[in-house]
Every structure is written in structure tokens, then in C-alpha cells.
Amino acid sequence: MARGRIRAKLRRSNLYTFACLRPTTQETEGPHQFQGPGYSRMVYCNQPHVHEKKPLRYRSNYISTTKYNIVTFLPKAIFEQFRRVANLYFLLAAILSLTPVAPFSAVSMIAPLAFVVGLSMAKEALEDWRRFMQDMKVNLRKTSVHKGDGVFGYRSWRKLRVGDIVKVEKDKFFPADILLLSSSYEDGICYVETMNLDGETNLKVKRALEATLAFDEDLSFKDFTATIRCEDPNPNLYTFVGNLEYDRQVYPLDPSQILLRDSKLRNTAYVYGVVIFTGHDSKVMQNATKSPSKRSKIEKQMDKIIYILFTLLVLISLISSIGFAIKVKYQLPNWWYLQAPDSQNFYNPLRPELSGTFHLVTALILYGYLIPISLYVSIEVVKVLQALFINKDINMYDEETGTPAQARTSNLNEELGQVDTILSDKTGTLTCNQMDFLKCSIAGTSYGKKASDVEVAAAKQMAMDLEGPDPELANVVTPKNHTTLPWETNGQELRASEIELEAVITSKDETDRKPAIKGFSFEDDHLMDGNWLKEPNTDFILLFFRILSLCHTAIPELNEETGTFTYEAESPDEGAFLVAAREFGFEFCKRTQSSVFVRERYPSFDKPVEREFKVLNLLDFTSKRKRMSVILRDENGHILLLCKGADSIIFDRLSKNGKMFIESTTKHLNEYGEVGLRTLALAYRKLDEAEYTAWNEEFCKAKTSIGGDREGMLERVSDMMERELILVGATAVEDKLQKGVPQCIDKLAQAGLKLWVLTGDKMETAINIGFACSLLRQGMKQICIAANADSLAQDPKKAVKDSISMQIANASQMIKLEKDPHAAFALIIDGKSLTYALEDDMKYQFLNLAVDCASVICCRVSPKQKALVTRLVKEGTGKTTLAIGDGANDVGMIQEADIGVGISGVEGMQAVMASDFSIAQFRFLERLLVIHGHWCYKRIAQMICYFFYKNIAFGLTLFYFEAFTGFSGQSVYDDWYMILFNVVLTSLPVISLGVFEQDVSSEVCLQFPALYQQGPKNLFFDWYRIFGWMGNGLYTSLIIFFLNVIIFYDQAFRAGGQTADMSAVGTTMFTCIIWAVNCQIALTMSHFTWIQHFLVWGSVVTWYVFLFIYGEMSPVFSGNAYKILVEALAPAPIYWSTTLIVTVACNLPYLTHIAFQRCFNPMDHHVIQEIKYYGKDVEDRHMWRRERSKARQKTKIGFTARVDARIRQLKGKLQKKYSTLGGRSTLASS
């Protein structure tokens, strides 16, 4: 205890980066010299009141991710609504309806528009309110702030000010960007988790200046004052430049003292700090982009259709007005009973052009039914109901966290079915950062019998292929002209068992399996329970276990409940190695300032002995070194260097005597890599005292040097020692991805989707994850773009840029020259290279290379770069992009992508707040896209096409009739018929199409993932199909109008021989329209429930019910429709026969078209529907499997691609084997 403060016994900072001495460069260097703009920020520590007035008044700590606020909602929301072309037209029509020339009342035009716009705005307001409430949850979090006189109290985040002293406790988020002053550790270090910023889960070490270490309790801040001058707010997470002026001294500041908002304090009781950047000035918010207004591609294309229909509307209105002007000029004078001209010049033979102009306005309103205003309302209703189904999908509900899927906006449902490229974060999205120790190679012997997921899948797939048999495999296994040998009578079974044996060896004792140990899935009795002591090469096995338990930087923490140790490791690999060492009998149990203690079950497994190893030096892992080493002294006084690293690096450093097992170890490493395991090689070296002493002097000199090349000097000195190594063996761990991630990626790949991984993690980690989730595999050619340049170049930046440009050009050329059809390329690029690759003169060159690669991994990228890459893919390819992530560092790309998906249920909700859809696990993306996306796309596409069809069919009959009536503006239909047409009589069936239609079931969608490609290829909403539906509408309108006119023209209608009047013809035509369009939608549907039947046929029945009730009303209300059904239409056989003939004639071409298409040119879903209808999926399972294998997009990534590659290898081996056997049998017979 020191002044009531808990002290940590261990200076953990000593465990990091080239070990034991604290670098003093920070405070021996002079203060930063600021020049030019960008460094104007002044912060007066512990004096927040100074920042209440300009020019030192900075932004508040209040954050907002909403689209609107109280002031901007009305103007912005109204602008959004009238960006829709149809709404703009109806606004114009509503204004014109106030004039005397309108054929309808103003209310009938204004009310629907107000309803449509109001409903859409209410939905926008509700969705934005949810975002606001989530923002407030963050803004109202509490943190401890210095209130004066050494007293701290809690205050909400939004009330924090620049200059405030804050105290942040363990496992709490930092409320703003803070300068670290002191911590609960004596040397002022703290551990920070930056997963929300850069995606990394390994902890970062931050270190306070020695000058501020004394401020380690509340009272010490009573009289504390200091001044900070630093850089202005900027989005760069990895840089910070500033000076602290305290006690008449100036100290330089760097990123190691800065604690960024939304990162979290770990393994440290508390820290004190001063607020530098607040709210939207903080680096994480600087990386955020404004909430964009997103519109789906279908909605944008719908605008183009509206333009076409509007052009048609204007055209027929012009024809109508010209025809009317001609009639007025030449025929109106003969029609004396019309008393022309009238006082308003609507009918003036002397000024026909004026009358024609007035009629143009009438016509524009009259033919407005060509442009369906109810389409937008129907789409809004359908999308809300679709979103409800997504929210309620029990298969996307995460039971562990109790989190369902959520469609946070329903505007983009159909866009889910058109995704071409997925851009994914790694940590927390793909991985749960858990490694399982699965296999190992020691002294040339491979241990570990448990199969990896890839091995199991390859064996199953091969066995399934042989059941067929697969013709390709049959040709491989049984060559032509091959004579059947006696032992081949049961060849099929033999070959299947051979493949299974060759592909995978699994544990036989499934029932005796021990309870699962997190991080350890190793199964091999040769090494367990002390049995390794009976193995040959026990010295090497002992060294192997000791390297696992000693070569690391982890901290052991005793779990008092279980009595076992957990390990706070820099990487999940280290954690898995320590758990494995513990299970093998070498438990790392304690670390002090200079020693590591291991509880070893050696030489007797039953009697553990605690041994101390003195840590002399630690040579840490970096992405450049690709290895780490520890130099220690054992209890016998021997000095050992233990090393682990990438096999290519270790093998290059082996001594001549250290390569005894290199051949067999290399073979094992290749085998492990082929089945998706992450590998490291282990080696050691014995050192004599004199050699170590001389080296250590050089190392200490490099360590305490001051200057920019300190790291380079350390690396060179370390490299001198890490030579002449002796190979011990290799490890193979299985990366534990989130549940279902490999299967999900595989299914998405089979659906034809491309996946890019954008991560803030190291390149090696990203590559290993790529292997784990099958984005990368053994045999795939990796293109690594790195920022290399000649250090002697006059312009280093230009040299780096030229180097990257050359690498991209060479890689593109290599892909073009590749002749192997199975060859796959992976592009891996780091953030520094990406900075240059995203510049205007290079970005499309980079994009073309990336598109040609099977998988793309961008590592060490900042949130801003994630957004820029997303924008490049979106704009450069012109295809739909989906971004998925779980942290604040993913917000930029989520907002930039066409669709943003947030992973909920993970710490921090920033990604969810910025997203369009949220799911609890990455694996639910498969169902969201392949099922809901596919359905929503087809539903919306068919619904819109049908809407235009029915409105063209209805609207053009008005035009034909007007041509028959001298372009007088007379409607053939009663006003109530026209009002009810879109609102009641045809609206509910089309909504049922948009909500319930399924071309295939959800199970079949997953079994036939290639069906998804109908969306990205836009097969159901391309211009061919749109114009086809428009042509169908034109044909229907011609049949309905002219067939009715021809039939009724001079035929007796009533019993007395009278012909039909206008109301009878109009009502019959309207009846034909209702029947025709409802039968058409019934033919369009593939999936019927009672709801569809009820709504489709109920709409027809509703028409007759309405006609009966309307006809029974007083003539004051019903007008010419008085008793029209009971007295005029129902008794007339011609009415019923005309309805039947016209309905059949209208739908016959479509019926013929779909019958012809299903017979001679079926689409994928047509074939599946036929198979399911006739039950062939049950009767003929082989045929069903064959069709399923066809319905996979050819892909070079994913689990299936890896299994296919494995199968090709096995087939090659079998071919060689049987060709050898065939040769022997030929020799024997000769």
C-alpha cells in the first residue's frame, strides 16, 4: 500500500518489446517543434472553464448518428420524399387539381399524396428516433470527473469538457480522447483494448510520462495545472503530436500516452487522464461519416420507369389535346347545343390553341393512372411487413445473447438479394479469437489424431462422390482398358474406405472422450498423461513442451473458483500454447520481474515440481521479424535461447546440425496447412556465458540509444543471436472462428458472392484467419503488396508509390498469363500500401487487380481506409456492396456501403447504431442474404412489374375511350370505380405477392445457393422483363377496350332489344379489368396459402359486393350506376360471357409464354419446382444431389473450394496408385 493506493507487484511494461529496460527516449528528446497550421489546439488541464469562451471553446462531448434533428427533419424528409419522381408528378397534379380544368376534385388528388408522403415520413421519423435513443444511451453513460478541491464525482459523458480530469476504472470505456497522466501501476502503464477502433483484441500498453506519475490519487489533483499544445482534430488513429508544459518544463507527447474514445481499460484498476478531444472531435468520430440516405437499385430503376411512363403520359396527353383542338376548331361550331364558345375559353373555336392547352392539363390529370401513386404506399407496407418477417425469423435469433435479427431500415430489403461483394471486418465478426491446439510435430514425428473440419468434410464429400458413382472419379480410379482384378470385386467399397483412411484418421474412442477444454482439442495418448516419457527423442519432446510454456509474454491469473490458471496473452495462439503445455504437464504458474515459474510433471508425471527460469532477454514478435525469442537461464545455470516463428524464417536460421528433422517436419507442416491449420516452427540454441555477455552489451547499447533508428539497431542485434538454431518441431492450431462462419462463407461463395476482409490486425493474423475461414488455402497464390522503397531515394514517398504501382502491374500481368483453370489468387495488402493504392491515379488499377483475385485481405487499415475501400468497390464496380462489422472502427464502411450490417451482442453498439440491418452472429448473414434477400428481391421486382402492368392496362383504356368521344375528357368509368381500383380492388393481392411469394422454400434456397445469382444478375427487373410487362399491359388494355366495344357496339343488351349505354359498357370493361389483373397475379404466384387465395379472389368478390351496394344507393349518390348490377348487368348473358372471353384472351399469351419457358427454356427455380412437385427429391436422391452440385457457383474460396482442392489431390494420388497397380498386373499377365 502506498498512500492508500493498491500497487501492482509487477511492472508489466518490462515484458514488452525487446524487454527489460524502460526506454528513455521520450523525455530525453526535446519538445516537438510545431510549424504551420494543424497544431493550434490548446488545452488547459484542470481548467475546463477556460474552454467555455471562444477561441478556446471546443465541441461538446455530445455525439449524434441520426439523419435528422428537430430543425432539419421537415425540410430534409420532404426533400427525400420528393426526390421520388412519381411524388413530384403527383404534387404537380395536386396543384393543378385546384384549377377549374381538373377532371377530378382537388381532395381526391391531394388526400392520396398527403397520405403517401405522411406515411413515409412517419416511418423515417420512427427509424431515426431509434437511432437517437441509442445515441442517448451512450451520451448518458457516467464517468468520474474532478469537480475541484481533489473531489471526484460522476457526470454523464455528454457533459464532459476539454480540460476535465477524469478517472476511468477497469473494464470501462474511455469517454473521450484522453492524455494518460497516471495509473494504478507504479510505472504509469495501463492496458487498453482497442477492438472497437482497429478490431484487435490483444491488449495495447499505454505509458504515462514520468513527470505526471505522482498524480496517483484524487487529492493530488487539487492544485494541478498544465498546458497542452497539440495537433488539431484528425482521423488518424495511430499518430499524435503534442507537448505538455508542466512545472516550467516541456515534455513531448506521442500516441503511447493517448487513450482513445471507445477503447476500453483492461487489467488496470484505474487511470487518471485529461480530456483533449471531445465528441465529434475525437478520433473515432473523425473516422465516422454522416448517416447517408440510401436508396436501392430497384428504387432508382423505378424512377427511370416513371420517366418512361411520364413521357408516355405527356405523349398521349399531347395527342389528346391536339385532337381536342382540331375538334373544337372544325366540328364544335356545328354542335350548337354546346353553346360554344364558353366564357372561360375552354371551348372556343376562335382560339383552339388555348382550348387545347387547357385540355392538356385535363388530360395530364385524367391519364395520371398510368403512374401509380399507390405503388409507393404498397411498397412501404410490403417492406415493413418483410422487415417484420426478418425480425421474427427464429433461425436468426441468438439464444446465448437473446438477440434477434433487426431490420433497422426497411428501405433496402430487396437490395439484400442483389449483393455482389461483402466487405467484412475480422475480429468479433469472423473470429471469436479462440485457438485450439490440435496437432504437433516433434523430432520428425507427427502427433494428434483428431481431424480438422477440412479433413472431415473432404472424406465425407469423397465418400458421397463414390456412392454415385461420379463419372469423373470413376475414370480416374478405373482407367480405360483396365482389366478387373480378382481383388477388385468389391472395388467400390475398397476405394471408399481407402479414401476415408487417407483423408482422415479420427479418434476411435468417441465414447471415452474427455470434457472439452477451451483451447485444447489434441487427442493422442502417446503424449498425454506422461506417456511421452516412453517415446523416442524424449529430450526434444521436453524441449518442445518447455518452449510452449516459456517462450511468451503472457501473465498468469489464478481463477479462485476453479483453482486453475487463465492466461492474459498478447495473442490467442500464445493462450492455446500455454493451455496445451499445461495439459501436457508443464503449467506456467507465475511471473516475476525477472523470472518465469513452471510447474513441471517431470521427471515423474504424478509429482509436479515448480522450476524457476531466469528471463534474461525477450525479443518480441513483430510483423517484420515474424518470430519471437526468449533468452533464459535454467536451474542448472545453462543459458538457452528458445524461439518460435514462421517456418520459413526459422528454417533459414538453422545450423547444419539443426536440420535433422527438417524434411519430415516440412512434410507435416504442409499436411497441416492443407487441412486449414495455423502452424509455427519451434527451435532452440544453447549459449555459452562469454558469447551471451558480449551480445548482451551490444543489445543494451541498442536498447538505450536515442534516435530514429533505435528499432532497426535492436532488430540487427537480435538477428545476430537468432542464428545457428536447432529445430525441435512445429505446432498446428485450429483457429476458432465464430460459430458457423466457415459454413456461412462457403455458402455465400457458392451463391457467387465475393468476400473482402478489411481488418486493423497484423498481416500474419489476417492471413491465418484467411486460412481458417477458407478465404485462403494451401496452393493458392498469394500476392502481398507491401510498401518497400529504396531508403537512399531522393523522394521516398514517390519511390514507395512507384514500388506499389510496379507490384500491382506485375501481379495483374501474372494473373493474365496464368493458364491453370484451377489456379486461385489472393491479394493481401497493408494499410500503408493502401494509402497509395487508393490515390486517384492508382485506385482503379488496384481495383482491377483485386477483382481478378479470388479473395482480398486488407490489413492494418484505419476506419477511414475501410470506408474508402468500400466506396472504391461500390463506385468502381457499379455493383451492390454490403459491409459487415461489430465495432466503432467499422461505422465508416457500414455507412458507405449500399447495405450496412452491424453485429450486435458484442461490446459496443456503434456498428449497430450506424447499420441498416443488425444480426447477432456472422453466420446469420447466410440466411439474411440467401433466403430473405432472394425472396425480397423477387417479391419487390415482381410486385413493381405487376403494378405497372395493371396501371397501363387500366390507364390506356381511358385514352382509347377519349379518342372515341372526341377527346372530350369524358371518363368511361364512374369516379368511385377509379378511386377504388388502386386503393381496394387490386391493392391487397399485390401486397400478398410482395409479402408471401416464394419461388422455392427456405430449405431449398440453402440447398441451391446459386439461385441467389438471379438477384445480382437482375433477371427479374431488367429492361427486357420490364418492357415485357409493359407490353402485356398494352395488350391487355387493347383486348379489354376493343373486344368490349366490338361486342357491345350493336348487340342487343336488354330483354327489350336495347343496346348498352356508356355506364353498362364502362362497368363491363371495369369488371373485365378486375378479373384480368387478378387472374394475372394468380398466374404470377408460385406459392399459395389461404391468405393469397382469400385476397385475390376476395378482391373479385369485393367488386361485385361493391357494385351491388353502390347500385342500391339513391341515384343522388350512384348516378348512372343505379341498380346497374341487379337490373342491367346480372340478367344479361352477354355481360358474363364477355367477362369470361375477355379474361381468357387477356391471360392466354402470358400462360402460353410461361408454359413454353418451363418446357423449353426453364430457369433454375422452374426445374427445382418441377422436381419438388413430382417428389423426385425423395424418390431419386442421387438426381437431387446431382442437381444440388450443379447449383453451386464455381468458386475458388470457401470450405467447398478447399475440399475440392483436397479431392483433386486425393484423386491424383489414387490415379498414380491404380496406374502403378495396373502396370504391375499387365507385367504379371505377360
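Treat the numbers as computed from the prediction; the structure is a model and nothing was measured. (Residues numbered from 1 in each chain as written. Predicted model: local features only at pLDDT ≥ 70, side-chain atom pairs only at ≥ 80, totals over all residues. Heavy atoms only, no water.)

1. Details of the overall build of the chain
Item 1. Along the backbone of the chain there are 40 helices and 33 strands.
Item 2. Split by element, the accessible area of the chain, about 53200 Å² in all, is 56% carbon and sulfur. (Helix = DSSP H or I, 4+ residues; strand = E, 2+ residues; numbered from the N terminus. Areas by Shrake-Rupley, 256 points an atom, 1.4 Å probe, with all protein chains shown as cover.)

2. Quick word on the pattern of salt bridges
Item 1. Scanning the entire structure with this criterion turns up 46 salt bridges.
Item 2. Close ionic contact of R41 with D281 constitutes a salt bridge, the shortest N to O distance being 3.7 Å. Residue R41 is found in strand β1 (residues 41-45), and its partner D281 is found in the loop between β13 (270-277) and α6 (283-286); the two are separated by 240 residues along the sequence.
Item 3. When the shortest N-O distance is used, the salt bridge between R723 and D719 registers 2.9 Å.
Item 4. According to the relative accessible area criterion, R723 is partly exposed, its value standing at 32%.
Item 5. It is possible to trace a salt-bridge network through shared partners that takes in R627, R653, D719, E722 and R723. (Salt bridge = Lys/Arg side-chain N within 4 Å of Asp/Glu carboxyl O. Buried < 20%, exposed > 50% of the residue type's maximum accessible area, 1.4 Å probe, protein only.)

3. Thoughts on the packing of helix α27 (residues 924-964) against helix α31 (residues 1023-1048)
Helix packing geometry: the angle between the two helix axes and the distance between the axes.
Item 1. Two elements in contact, α27 and α31, have axes whose closest approach is 8 Å; the angle formed by their N-to-C orientations is 40°. Our pair here, α27 against α31, has a crossing hand that is right-handed.
Item 2. Taken together, the residues that form the contact of α27 with α31 break down as 18 nonpolar, 5 polar and no charged. (Axes fitted to C-alpha atoms, helices over the stretch in contact; angles between N-to-C directions. Left-handed = near helix turned anticlockwise from the far one by under 90°. Nonpolar A, V, L, I, M, F, W, Y, C, P; charged D, E, K, R; others polar.)

4. Considering the packing of aromatic side chains
Each aromatic ring pair is summarised here by two numbers: the centre-to-centre distance and the angle between the ring planes.
Item 1. The tally for this structure, following the rule as stated, stands at 56 aromatic pairs.
Item 2. With 6.0 Å between their ring centres and 35° between their planes, F520 and F522 make a pair best called tilted.
Item 3. Taken together, a centroid distance of 5.3 Å and an interplanar angle of 80° make the contact between F522 and F584 edge-to-face. With a gap of 62 residues between them, F522 in the loop between α12 (491-503) and α13 (538-550) and F584 in helix α14 (residues 572-584) connect regions that are remote in the sequence.
Item 4. On the basis of relative accessibility, which here comes to 6%, the residue F522 falls in the buried class.
Item 5. By the ring-pair criterion, three or more aromatic residues cluster together here, those being F437, F520, F522, W532, F544, F545, F577, F584, F586 and Y602.
Item 6. Over the ring of Y58 we find R41, and its NZ or CZ is 3.9 Å from the ring centre. (Phe/Tyr/Trp six-rings, centres within 6.5 Å; stacked < 30°, edge-to-face > 60°. Lys NZ or Arg CZ within 6 Å of the ring centre and 35° of its normal.)

5. Quick look at a nonpolar patch on the surface
Item 1. Among the surface-exposed residues, V1101, V1105, F1108, I1109, M1113, V1116, F1117 and V1126 lie close enough to one another that they form a single nonpolar patch of about 770 Å² accessible area.
Item 2. Put simply, the parts of the chain that give the nonpolar patch at least two residues each are α33 (1090-1112) and α34 (1115-1118).
Item 3. Look at F1108 and you get partly exposed, because its relative accessible area is 42%. (Patch = residues over 30% accessible without salt bridge, like charges linked within 9 Å, V, L, I, M, F, W, Y side chains within 5 Å.)

6. Observations concerning the sheet that holds strand β4 (residues 165-169)
Item 1. Taken in spatial order, the 6 strands line up as β3-β2-β4-β13-β5-β11 in an open sheet, and their pairing is antiparallel. The two strands at the open ends of the sheet, each matched to only one other strand, are β3 (151-156) and β11 (258-259).
Item 2. Here 5 bridges tie β4 to β13, and the two strands are oriented antiparallel to one another. Residue pairing in the sheet places K167 in a bridge with Y272 of β13. (Pairing = 2+ DSSP bridges.)

7. Considering the sheet that holds strand β30 (residues 855-859)
Each strand in a sheet pairs with another by means of backbone hydrogen bonds, the pair being arranged parallel or else antiparallel.
Item 1. Pairing is mixed in the open sheet, where 9 strands are placed in the order β14-β33-β32-β31-β15-β27-β30-β29-β28. Every other strand in the sheet has two partners, leaving β14 (406-407) and β28 (781-785) as the edge strands with one partner each.
Item 2. Contacts from helix α24 (residues 863-877) reach β15 (419-424), β27 (754-758) and β31 (880-885), with the element oriented near 160° to β27.
Item 3. Against the sheet, α27 engages β15, β31, β32 (899-903) and β33 (917-919), with an angle of about 140° to β33. (Contact = heavy atoms within 4.5 Å.)

8. Structural notes on the environment of I631
Item 1. Along the polypeptide, I631 turns up in strand β23 (residues 627-633).
Item 2. For I631, a relative accessible area of 0% corresponds to the buried category.
Item 3. With residues near it in sequence (within four places) discarded, I631 still touches K614, V615, L616, N617, I639, L640, L641, L687, Y692, W695 and M721.

9. Looking at α24
Item 1. In this model, α24 (15 residues) spans 21 Å end to end at C-alpha, consistent with the 21 Å of a helix rising 1.5 Å per residue.
Item 2. Among the residues of α24, those classed as buried are P863, Q865, K866, A867, V869, T870, L872 and V873. (Expected span 1.5 Å × (residues − 1).)

10. Topic: the UniProt feature "binding site: Mg(2+)" (unreviewed entry) in the chain
Item 1. Mapped onto this numbering, the UniProt entry gives "binding site: Mg(2+)" (unreviewed entry) at D425, T427, D886 and D890.
Item 2. Assignment of secondary structure puts D425 in the loop between β15 and β16 (431-442).
Item 3. On the basis of relative accessible area, D425 is assigned to the buried category, the value being 0%.
Item 4. Not counting residues within four places of it along the chain, the set of residues in contact with D425 comprises L430, L758, T759, K866, I884, G885, D886, N889, D890 and M893.
Item 5. Take D890: it is sitting in the loop between β31 and α25 (891-896).
Item 6. We classify D890 as buried; its relative accessible area is 0%.
Item 7. For D890, the residues in contact, after removing those within four places along its chain, are D425, K866 and G885. (UniProt positions renumbered as here; feature names shortened; annotations may be inferred.)

11. So, the side chain of Q1157
Item 1. As for its placement among the helices and strands, Q1157 is situated in helix α36 (residues 1133-1160).
Item 2. Since its relative accessible area comes to 17%, Q1157 is described here as buried.
Item 3. Contact partners of Q1157, with chain neighbours within four places excluded, come to P1162, M1163 and H1166.

12. A few points about the packing of helix α7 (residues 297-330) against helix α8 (residues 352-366)
Item 1. Orientation of α7 relative to α8, taken along the N-to-C sense of each, is 145°, at an axis distance of 8 Å. The two elements α7 and α8 cross, and the hand of that crossing is right-handed. From α7, L313, V314, S317, L318, S320, S321, F324, A325, V328 and K329 reach across to α8, where they touch P352, S355, G356, H359, L360, A363 and L364.
Item 2. Broken down by class, the residue content of the contact of α7 with α8 amounts to 10 nonpolar, 6 polar and 1 charged.

13. Quick word on the confidence of the model for the chain
Item 1. Averaged over all residues, the pLDDT of the chain equals 80, while 83% of them reach at least 70.
Item 2. Counting interchain partners and residues more than four positions distant, the pLDDT-below-50 stretch residues 468-512 has 51 contacts. (pLDDT = per-residue confidence, 0-100.)

14. Brief notes about the nonpolar core
Item 1. The biggest cluster of nonpolar side chains holds 112 residues, and the ones touching the most others in it are I944, Y973, Y977, F1021, F1053, F1070 and W1103.
Item 2. Broken down by element, this core gets its largest block of residues, 17 residues, from α27.
Item 3. Here this core spans two domains, and each of domain 2 (290-335 + 345-371) and domain 3 (374-385 + 931-1179) adds at least three residues to it.
Item 4. Core analysis: the second largest hydrophobic core is formed by 57 residues, V419, C773, L775 and I857 among them. (Core = buried A, V, L, I, M, F, W, Y, C linked by side-chain atoms within 4.5 Å. Domains from an automatic or database assignment.)

15. Section: the side chain of E587
Item 1. Relative to the helices and strands, E587 resides in strand β20 (residues 586-591).
Item 2. Accessibility expressed as a relative area gives 16% for E587, which makes it buried.

16. A few points about the environment of F240
Item 1. Topologically, F240 is positioned in the loop between β8 (226-230) and β9 (242-246).
Item 2. We classify F240 as buried; its relative accessible area is 4%.
Item 3. Between the C-alpha atom of F240 and that of D254, which follows or precedes it by 14 residues, the distance is 5.3 Å.
Item 4. The contact partners of F240, leaving out residues within four places of it in the chain, are C230, E231, L253, D254, P255, I258, I276, F277 and K283.

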